[in-house]
Amino acid sequence: MLDLATNKVHDENRQGEAYAPFELDPNSYKKRFYIESYGCAMNFADSEVVASILNKEGFGATRNVEEADLIFLNTCSIREKAELTVRKRLTEFKKLKRARPGTLVGVLGCMAERLKSKFLEEEKLVDIVVGPDAYRTLPGLVEEAETGQKAINVLLSREETYADISPVRLNSNGISAFVSIMRGCNNMCSFCVVPFTRGRERSREAASIINECKDLFEQGYREVTLLGQNVDSYYYTSANGNEQSTAVTFAMLLESIAQISPLLRIRFSTSHPKDITDEVLHTMAKYDNICKYIHLPVQSGSTRILQMMNRTYTREWYMAKVDRIKQIMPDCSISADIITGFCTEDEQDHQDTISIMKYAQYDYSYMFFYSERPGTLAQRRYADDVPEEVKKRRLAEVIETQNRLSLESNKRDIGKVFQVLIESESKKSDQQWMGRSSQYKVFVFPKGNYDLAPGSYVNVRATDCTQGTLFGEIVD
Ligand code: SAH
Ligand code: SF4
Ligand code: F3S
């Protein structure tokens, strides 16, 4: 399932998807590539950039790994488990390489950046290693690897945003698309590997973002999700000849995209609680097509732990931010990321997390137990001292709390009418549509005798629910 928050794409349904753009005539392929993506939405968006770069060189994609000349894994380093999955997958490719000599295997993305040439040394299975800022050099690296050299480029850049590359929309439903607006991260959350794998923060030229959104709308897309590790710090300046330099903030960017068409919905992810401004909240409130949903990772409810995590806000500051969101947009849903068992976390810290979840009444959360990552501030400074079974028990309690909150949130919606954007037929019945409300909640409802299709907007009254889905009926 394609999901908004950066980490939800760890979802089993999304993980390891193979992509096949359809534009190329199969007979004109120079080579066939297969690409599997792991990690956050940004990594999936990057795979679409990679496919575009390879397409231009005459490489065609295949969904069938067994007929691929080039096999790429776009990898994630966020937790140890993500890396273990990739290593397992690489050993599976060993057989394929044996059966088809000449097949090249490339590791892209965050794990390539983290491990660099170690990959080529340790893993006899890997021929090409490319970091997230070096995808333009991929065709040259493939050529090098074909001559038997080990090909690697893991240079990080302060400028690269791939602004001019039109991503090939892979496996898209034709309704929703990801649009990268910035790359990298300048925050130094002590648990997090991303600043090391993605480099310094940089914002993509505003005009190229707006044009991409316009093109998508004209092609029939009805929803764009603006992506960045920290979208609220988006800031683009350009000096234009003798003219004064212009600066575009995230709120200004949102407004420009909202004005493309009232029929184009806008979502974004991720917001750092310290950076989301009133200006952004007021812009969201002003436009119906900017979705009333904010992913606002809290990580922990304990000020002491938040300080050790280097999140730069306190429990009270975060709670005030939640109040402000609800004050400006009473119908706005909020989700969070939560880590249990961070270094030194005790039962009181854990209870603080549970209580902040209840305070914020999260509609959804993405929940993890702490996984120490090599090279991070936390790994260098603090002992990973919470036993694994304690981390897991606390995670189970956090998940149970969230399940209750999600169900309560859905129950509060029963009887109300929501504008739903239809995405597809429901999985269970071709007589039902599946779509989402502005609040990102999933709705399933009978088609009835209406002339509707994916991409249509329809008003639906919620009549029943589970923790994950609202059921309803179309209202005229
Ligand atoms: N840029 C986003 C999220 C990036 S990673 C943000 O700042 O919110 C997505 C989530 O993975 C994080 O919010 C965090 O909850 C989780 N995460 C990151 N590093 C982790 C680690 N070492 N162990 C467990 N979870 C981690
Ligand atoms: Fe990681 Fe923090 Fe940057 Fe998010 S804001 S990517 S958690 S360092
Ligand atoms: Fe994303 Fe994983 Fe990299 S979450 S930024 S792919 S470490």
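On a predicted model such as this, the values are computed, not experimentally measured, just so you know.

Quick notes on the rules
Residues numbered from 1 in each chain as written. Chains lettered and ligands numbered in written order. Predicted model: local features only at pLDDT ≥ 70, side-chain atom pairs only at ≥ 80, totals over all residues. Heavy atoms only, no water. UniProt positions renumbered as here; feature names shortened; annotations may be inferred. Helix = DSSP H or I, 4+ residues; strand = E, 2+ residues; numbered from the N terminus. Near = heavy atom within 4 Å. Nonpolar A, V, L, I, M, F, W, Y, C, P; charged D, E, K, R; others polar. Domains from an automatic or database assignment. Pairing = 2+ DSSP bridges. Axes fitted to C-alpha atoms, helices over the stretch in contact; angles between N-to-C directions. Contact = heavy atoms within 4.5 Å. Expected span 1.5 Å × (residues − 1). Buried < 20%, exposed > 50% of the residue type's maximum accessible area, 1.4 Å probe, protein only. Buried area = accessible area lost by both parts, 1.4 Å probe. Salt bridge = Lys/Arg side-chain N within 4 Å of Asp/Glu carboxyl O. Polar contact = N/O pair within 3.5 Å; in protein donor to acceptor, adjacent residues only side chain to side chain.

Trainee: An account of the UniProt feature "domain: TRAM" (unreviewed entry) in the protein is requested, with residue identities and associated values reported.
Mentor: Under the feature "domain: TRAM" (unreviewed entry), the UniProt entry names residues 411–476. With 5% helix and 52% strand, residues 411–476 has its two end C-alpha atoms placed 23 Å apart.

Trainee: Could you give an account of the site of ligand 3, naming the residues involved and the relevant values?
Mentor: Near ligand 3, the surroundings consist of Cys40, Asn43, Cys76, Ser77, Ile78, Cys110, Val194, Arg198 and Gln229. A breakdown of the residues in the shell around ligand 3 according to their chemical character gives 5 nonpolar, 3 polar and 1 charged. The residues that make up the shell around ligand 3 include at least three from each of domain 1 (26–153) and domain 2 (176–408).

Trainee: If you had to explain the site of ligand 2 to someone new, which residues and values would you point to?
Mentor: Every residue near ligand 2 is listed here: Cys185, Asn187, Cys189, Phe191, Cys192, Val194, Pro195, Gln229, His272 and Arg311. Considering only residue class, the shell around ligand 2 consists of 6 nonpolar, 3 polar and 1 charged.

Trainee: Now, about the sheet that holds strand 11 (residues 223–227): what can you tell me, with residues and values included?
Mentor: With parallel pairing, 3 strands are arranged side by side in an open sheet as 8-11-14. Of all strands in the sheet, those with a lone pairing partner are strand 8 (176–180) and strand 14 (265–269), marking the two edges. Neighbour to neighbour, the strand axes of the sheet diverge by 25 degrees on average, direction disregarded. Pairing of strand 8 with strand 11 involves 5 bridges; the strand directions are parallel. The partner of Val179 across the bridge, within strand 11, is Leu226. On top of the sheet, helix 1 (residues 41–56) reaches strand 8 and strand 11; it is set at about 90 degrees to strand 8, its chief contact.

Trainee: Please give an account of the sheet that holds strand 15 (residues 293–295) that cites residues and values.
Mentor: Taken together, the 3 strands give an open sheet; going across it, the order is 15-16-17, and neighbouring strands pair in parallel fashion. In this open sheet, the two edge strands, each paired with only one partner strand, are strand 15 and strand 17 (364–369). Across the sheet, the mean angle separating the axes of adjacent strands is 10 degrees when strand polarity is ignored. Its contacts with the sheet put helix 14 (residues 388–413) on strand 16 (333–340) and strand 17, and the angle it makes with strand 17 is roughly 175 degrees.

Trainee: Which residues make up helix 7 (residues 206–218), and what are the values?
Mentor: End to end, helix 7 covers 19 Å across 13 residues, agreeing with the expected 18 Å (1.5 Å per residue, within 8%). Turning to helix 7, its buried residues are Ala206, Ser208, Ile209, Ile210, Glu212, Cys213, Leu216 and Phe217. At its buried positions, helix 7 is contacted by strand 8, strand 11, strand 12 (235–238), strand 13 (246–249) and helix 8 (250–258). Looking one or two places after helix 7, you find Gly220, whose phi comes out positive at around 105 degrees.

Trainee: Explain the domain arrangement of the protein to me, using residue names and the numbers behind them.
Mentor: The parts lose accessible area when they come together, and the size of an interface is often stated as this lost area. Segmentation of the protein into domains returns domain 1 (26–153), domain 2 (176–408) and domain 3 (417–474). If you average the C-alpha positions of domain 1 and of domain 2, the two centres end up 29 Å apart. Both sides of the domain 1 and domain 2 interface together cover about 1,600 Å² of buried area, and 55% of this is carbon and sulfur. A per-residue breakdown of the area domain 1 buries against domain 2 is headed by Met42, Arg79 and Arg114, which together make up 35% of the total. For Asp46, the salt bridge goes to Arg198, with nearest N and O atoms at 2.9 Å. At the boundary of domain 1 with domain 2, the tally comes to 8 residue pairs in polar contact (both at pLDDT 80 or more).

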